[in-house]
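For reference, the chains in residue letters:
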Amino acid sequence: ASAEPGLADEVESPIVVAGATEMTLSGGQLADGGDWQARGEASYAYLNTRLVSITPPTPPVFFKRLDPVASPGSELAQSPKNRLTLTATYALPLDESIGKISFGGTYTHTDANRVHSRNFAPTQYIVKAQDLLNFNVDWESIGGMPIDLSFFMTNATNQKRLVYPIAIYEFG
């Protein structure tokens with residue numbers, strides 16, 4: 001039996017996800033940083049989204065129904081409320097003849113967010129919050145020459161994240 005009223009017990013043809021026809025979106029972003037030997041930067045973004053109304057189109061040939069990814073009054077899909085990014089960089093105090101060597105790290109937190117509505121149950125419909133850590137080392141103007149070398153490591157803590165779990169089932 002269906003978990004939600006109005007949903008068919010069996011889906012005999014593919015499902016297409018339909019989008020919003022009217023929505024509200026507000027938010028902002030703040031960023032600050034410096035340009036010194038030791039530099040710190042911060043960036044914060046906030047999103048407040050809400051689906052106002054939806055008029056699903058007629059399903060195309062070969063599709064049984066179209067399911068919206070959000071319901072009126074709910075948040076828009078793939079819209080995390082908060083994202084914070086902090087970056088720190090340190091440049092070694094070296095002679096220009098050696099070049100400029102710097103070490104940096106970036107931490108980013110992204111809130112959990114909905115990917116689609118509960119109508120897709122039992123698939124997972126919320127992407128969990130993510131904390132991401134990246135590192136980089138740069139050597140600019142190696143030996144005073146026009147040659148640069150960079151090393152970077154993204155996702156240094158090897159965090160796993162589902163980007164769009166439309167057909168992923170949670171176990172356990």
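Up top is the structure.
Residues numbered from 1 in each chain as written. Predicted model: local features only at pLDDT ≥ 70, side-chain atom pairs only at ≥ 80, totals over all residues. Heavy atoms only, no water.

> Any chance you could explain the overall build of the protein chain here in plain terms?
Scanning the protein chain for helices and strands turns up zero helices and ten strands. The 172 residues of the protein chain split such that 26% are buried. Only carbon and sulfur atoms are counted for the fraction: they give 59% of the accessible area of the protein chain, which is about 11400 Å². (Helix = DSSP H or I, 4+ residues; strand = E, 2+ residues; numbered from the N terminus. Buried < 20%, exposed > 50% of the residue type's maximum accessible area, 1.4 Å probe, protein only. Areas by Shrake-Rupley, 256 points an atom, 1.4 Å probe, with all protein chains shown as cover.)

> Help me understand the environment of Leu 162 in this model?
Checked against the element boundaries, Leu 162 lands in the segment after β10 (149-153). For Leu 162, a relative accessible area of 36% corresponds to the partly exposed category.

> How do you make sense of unusual backbone geometry when you look at a structure like this?
Leaving glycine aside, a negative phi is the common case for residues, and trans is the common case for peptide bonds. Its identity is not glycine, yet Ser 141 carries a phi of approximately 55°, on the positive side. Accessibility expressed as a relative area gives 35% for Ser 141, which makes it partly exposed. One non-glycine residue, Asn 158, lies in positive phi territory at about 55°. By secondary structure assignment, the location of Asn 158 is in the segment after β10. A relative accessible area of 52% means that Asn 158 is categorised as exposed.

> Hey, could you run me through the side chain of Asp 111 in this one?
With respect to the secondary-structure elements, Asp 111 resides in the loop between β6 (100-110) and β7 (113-114). Here Asp 111 occupies a buried position and makes no salt bridge, while the nearest side chain of opposite charge, Lys 81, is found at 7.9 Å. A polar atom in the side chain of Asp 111 sits 2.7 Å from the side chain of Asn 82. Side-chain polar atoms of Asp 111 contact the side chain of His 109, separated by 2.9 Å. Excluding residues that lie within four positions of it along the chain, Asp 111 makes contacts with Pro 80, Lys 81, Asn 82 and Ala 129. (Lys, Arg positive; Asp, Glu negative; His and termini not counted. Salt bridge = Lys/Arg side-chain N within 4 Å of Asp/Glu carboxyl O. Polar contact = N/O pair within 3.5 Å; in protein donor to acceptor, adjacent residues only side chain to side chain. Contact = heavy atoms within 4.5 Å.)

> How should I be thinking about the pairing of strand β5 (residues 82-91) in this particular structure?
Bridge count between strand β3 (residues 38-53) and β5: nine bridges; the pairing is antiparallel. Counterpart to Gly 40 in the pairing with β5 is Ala 88. Pairing of β5 with β6, which is carried by nine bridges, proceeds in the antiparallel orientation. Opposite Thr 85, over in β6, you have Thr 108 as the bridge partner. (Pairing = 2+ DSSP bridges.)

> Even after reading the chapter, I still don't get the pairing of strand β9 (residues 130-140), so can you show me in this structure?
For a regular strand, side chains alternate in direction, first toward one face of the sheet and then toward the other. Summarising the sheet, β6 and β9 pair through eleven bridges and their orientation is antiparallel. The partner of Tyr 107 across the bridge, within β9, is Leu 133.

> Help me out: how do you make sense of the side chain of Ser 74 in this one?
Secondary-structure assignment places Ser 74 in the loop between β4 (66-68) and β5. Owing to a relative accessible area of 11%, Ser 74 belongs among the buried residues under this scheme. With near-sequence residues (within four places) excluded, Ser 74 lies in contact with Thr 49, Arg 50, Leu 51 and Arg 114.

> Help me out: how do you make sense of the environment of Asp 138 in this one?
Summarising the element assignment, Asp 138 is placed in strand β9. Taking the C-alpha atoms as reference points, Asp 138 and Phe 103, separated by 35 residues in sequence, lie 6.6 Å from one another. Once residues lying within four places of it in the same chain are set aside, the contact partners of Asp 138 are Lys 100, Ile 101, Ser 102, Leu 149 and Ser 150. At a separation of 3.0 Å, a polar atom in the side chain of Asp 138 contacts the side chain of Asn 136. A distance of 2.7 Å separates a polar atom in the side chain of Asp 138 from a polar atom in the side chain of Ser 150.

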